[in-house]
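Structure assessment
Next come the chains, spelled out residue by residue.
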Amino acid sequence: MARWGLATMFVISGTAHVVNPEPFERLIPTWVPGDPAVVNGLTSVAELGSATLLSNRRTARAGGLLALATLLAVWPANVSAAVDGGYRALPGWLGSATAAWVRVPLQVPLLYAAWVATRRRRP
C-alpha cells in the first residue's frame, strides 16, 4: 500500500513541476548548482520515473530506490529553506518559516514509504 500512495504523490508532484515550473524553480536554493529550470526538470523526471516504477510490482524495488534518492536529494533544500526563514517564493503562510519547518519532518514518512518499497516481498 505504501508504494501506491508514494506513486500517487510523485505523479501529482512530478506533473505539477512540469505544468507549472516557475514556482518550483524559484524554490531551488541558490547554492544548488545549475540552472533552476534544468534542476526542476530533473526533479520532474525523477518523480515521474519513481511513480512509473513503483506502479509495477516487478519494478517497485527500483522505484522505491529512485524515490528514496529523490527525497534525500531534495531534503537539504527543505532544511535550508526552514533555516533561511521560509519559502520566499510562496505567498502568505505557505512561504513562512513555520510552514518550512513543518515540511521538514513531514518528509520522514515519505522516506519511510520509499524505504518500505525497496524491500523485497514474498510471493
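That block above? That's the structure.
Below or above, wherever it landed, is the structure these notes cover. (Residues numbered from 1 in each chain as written. Predicted model: local features only at pLDDT ≥ 70, side-chain atom pairs only at ≥ 80, totals over all residues. Heavy atoms only, no water.)

As a further point, take helix 4 (residues 60-83). For helix 4, with 24 residues, the first-to-last C-alpha span of 34 Å sits near the 34 Å given by 1.5 Å per residue. Of all the bends in helix 4, the greatest reaches close to 25° and is centred on Val74; the proline Pro76 follows between one and four positions later. Of the residues making up helix 4, those classed as buried are Ala60, Gly63, Gly64, Ala67, Leu68, Thr70, Leu71, Ala77, Asn78, Ser80, Ala81 and Ala82. Buried residues along helix 4 sit in contact with helix 1 (2-19), helix 3 (36-54) and helix 5 (97-118). Positive phi shows up at Gly85, right after helix 4, with a value of about 100°. (Helix = DSSP H or I, 4+ residues; strand = E, 2+ residues; numbered from the N terminus. Expected span 1.5 Å × (residues − 1). Bend = angle between axes of the 7 residues up to and from the residue. Buried < 20%, exposed > 50% of the residue type's maximum accessible area, 1.4 Å probe, protein only. Contact = heavy atoms within 4.5 Å.)

With respect to the helices and strands, Gly86 occurs in the loop between helix 4 and helix 5. Sequence separation between Gly86 and Trp101 is 15 residues, and the spatial gap between their C-alpha atoms is 7.9 Å. Once residues lying within four places of it in the same chain are set aside, the contact partners of Gly86 are Ala81, Gly95, Ser96, Ala97 and Ala100.

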